[in-house]
Amino acid sequence: MNFFNLLKIAYRAIVRNKMRAGLTMLGIVIGIAAVITMVDLGQSSSLNINQQISQQGTNMVMVMRNFMRQGGVNIGSGSIQTLVVKDAIAIKEKVPHVEAVSPVVNASGQLVYGPNNWPGNIQGGDISFFSIRKYDVERGIQYSEEDVRAAAKVCLLGKTVIDNLFPNGEDPLGKTVRFGKIPFKVIGTLAAKGQNTMGQDQDDVVLAPYTTVQKRILAIPFIHTILISADDESNVQGVMDDVSSLMRVLHKTRAGEQDDFMVRSQQQMLQMMDSISGYVTLLVVLAALISLLVGGIGIMNIMYVTVTERIKEIGLRMAIGAKNRDILLQFLTESIILSLIGGIIGIFLGLFLSYTVLGLILHWPVVISVVAIICSFLGCAATGIFFGWYPAKKAASLDPITALRYE
């Protein structure tokens, strides 16, 4: 029996039971669509995270207070007050391949303008803070070195803060807002950045000189963080190593003692987020493959029913000269065609869902995995062969006399 005759017989058998064939293919359709959508979702998520972290600067290094232990008990980092401005100055002067350094101090409180108020966060840095964190001034000006030296009560507002303090569209430039009891003159507004990878609103921020936040708001002699920008991404690890060595010298950390600081980079965060995204995608794809397995079992089940219904037909074919191999290929072809048709529909459905969910709903970059599409198509063929083999083998092994007598 030639290949075209096999296709013709398989086509007639499928068309004869359209509803049953459609329901049989449904599991394959859902499984393939889920696999493609989940793989695309994982890759798009990873790309979206990479883009957002890159917007903050992949060459950024952070020095933070460490979580200290006392008697084997983690006592947290809140009481650690060893990071000081001199550390930032020393890093700028002594560590090679450092482009910019900024001390950072944060404070939370109530922002007030007229009858409007908003619970906000004020971040204090020096003039390098803007370039390190990739903040752009939309209107107005940045604070200056003189403002930092004088601990001037000036600030720049993010879009979220502006929308809540000036809901009627009033121009915030030149206005005075209060942070707690401290008045700040608004000298600029920040360009919108949207949410970061953690879902935090990057526009819900007020920027001011770190000296102002440190002395006038918190009244503390130390700082919370030191932000560093390496001159090139390839030098980030070297900068981290040199900063760690310098900080141990500055803080007189002896061999074997725990550091009272942590040095982290955006690249480390990027690797961690990629790893998490990869594991989540893998788990979801495995769950989708279960649906594909269920679809394969459905094909096996329906092929058993088909063989039972067509025993007499099988006997007639054998009686007029069909060999066992011909019967085997006949039913195996039907199984493969069912799988491939379901797979093709599932691929198109998966692509549609990817474009709809990623592009129109989440507004993420749409990444289509060609590898996932090819593997899905090959997987469909493998599913048809694997789950259709046993029923086809059963049909081929029927005794022609017994088959002809079957009622």
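Definitions and cut-offs
Residues numbered from 1 in each chain as written. Predicted model: local features only at pLDDT ≥ 70, side-chain atom pairs only at ≥ 80, totals over all residues. Heavy atoms only, no water. Buried < 20%, exposed > 50% of the residue type's maximum accessible area, 1.4 Å probe, protein only. Helix = DSSP H or I, 4+ residues; strand = E, 2+ residues; numbered from the N terminus. Arc of directions from axis to C-beta. Phe/Tyr/Trp six-rings, centres within 6.5 Å; stacked < 30°, edge-to-face > 60°. Contact = heavy atoms within 4.5 Å. Patch = residues over 30% accessible without salt bridge, like charges linked within 9 Å, V, L, I, M, F, W, Y side chains within 5 Å. Areas by Shrake-Rupley, 256 points an atom, 1.4 Å probe, with all protein chains shown as cover. Salt bridge = Lys/Arg side-chain N within 4 Å of Asp/Glu carboxyl O. Lys, Arg positive; Asp, Glu negative; His and termini not counted. Charge placed at Lys NZ, Arg CZ, Asp CG, Glu CD. Core = buried A, V, L, I, M, F, W, Y, C linked by side-chain atoms within 4.5 Å. Polar contact = N/O pair within 3.5 Å; in protein donor to acceptor, adjacent residues only side chain to side chain.

(A) Just helix α10 (residues 311-319), in detail. All buried positions along α10 are accounted for by Ile311, Ile314, Gly315 and Met318. Mapping the buried residues of α10 onto a view down its axis gives an arc of 100°, with all of them on the same face. One or two positions beyond α10, positive phi appears at Gly321, with a value near 115°.

(B) Structural view of the packing of aromatic side chains. In the structure shown here, the tally under the stated rule is five aromatic pairs. Look at Phe129 and Tyr135: their rings are 6.1 Å apart centre to centre, the planes differ by 15°, and that puts the pair in the stacked class. Each member of the pair Phe129 and Tyr135 is classed as buried. For the pair Tyr304 and Tyr390, a centre-to-centre distance of 6.0 Å together with 65° between the ring planes defines the contact as edge-to-face. Of this pair, Tyr304 sits in helix α9 (residues 266-309) while Tyr390 sits in helix α12 (residues 370-396), and the two are 86 residues apart along the sequence.

(C) Structural context of unusual backbone geometry. Even without glycine at this site, His97 takes up a positive phi of about 65°. Relative to the elements of secondary structure, His97 occurs in the loop between α3 (85-94) and β4 (98-113). A positive phi angle, near 55°, is found at Ala219, a position not held by glycine.

(D) Expanded view of α3. Of the residues making up α3, those classed as buried are Asp87, Ala88, Ala90 and Ile91. Buried residues of α3, seen end-on, are gathered within an arc of 165° and therefore sit on one face of the element. Exposed positions of α3 whose direction lies more than 90 degrees from the buried face are Lys86 and Glu93. Packed against the buried residues of α3 are β1 (60-65), β4, β11 (225-230) and α8 (236-250).

(E) Just a negative patch on the surface, in detail. Together, Glu99, Asp231, Asp232 and Glu233 line one region of the surface with negative charge. Note on Asp232: relative accessible area 37%, which makes it partly exposed.

(F) Quick look at the pattern of salt bridges. For the coordinates displayed, the defined rule picks out 11 salt bridges. The partner of Asp163 in a salt bridge is Lys159, and the shortest N-O contact between them spans 3.0 Å. Taken together, the residues Asp163 and Lys159, both in helix α6 (residues 159-165) and four residues apart, mark about one turn of the helix. The partly exposed category is assigned to Asp163, whose relative accessible area is 41%. Owing to a relative accessible area of 41%, Lys159 belongs among the partly exposed residues under this scheme. Note that Glu313 and Arg310 form a salt bridge whose closest N and O atoms lie 3.1 Å from each other. Classification of Glu313 by relative accessible area gives partly exposed; the value is 24%. Classification of Arg310 by relative accessible area gives buried; the value is 7%. A cluster of three or more residues bridged by salt bridges with shared partners is formed by Arg310, Glu313, Arg317 and Glu334.

(G) Quick peek at the nonpolar core. Ranked by size, the top nonpolar core spans 60 residues in total, and within it Val63, Ile91, Tyr143, Ile226, Ile228 and Val243 carry the most contacts. Examining the composition of this core, we find that eight residues originate from one element, β4, more than from any other. Each residue touching Ile226, except ones within four places of it in the same chain, is listed here: Val61, Met62, Val63, Leu83, Val84, Asp87, Ala88, Ile91, Val101 and Ser102. In this structure, Ile14, Leu292, Met303 and Ile314 belong to the second largest nonpolar core, which totals 27 residues.

(H) Quick look at the side chain of Thr211. Inspection of the secondary structure puts Thr211 in helix α7 (residues 210-218). Residue Thr211 is classed as buried on the basis of its relative accessible area of 7%. For Thr211, the side chain forms a polar contact with the main-chain oxygen of Val148, separated by 2.5 Å. Setting aside its immediate chain neighbours within four residues, Thr211 contacts Asp147, Val148, Ala151 and Arg216.

Nothing here speaks to function; it is geometry throughout.
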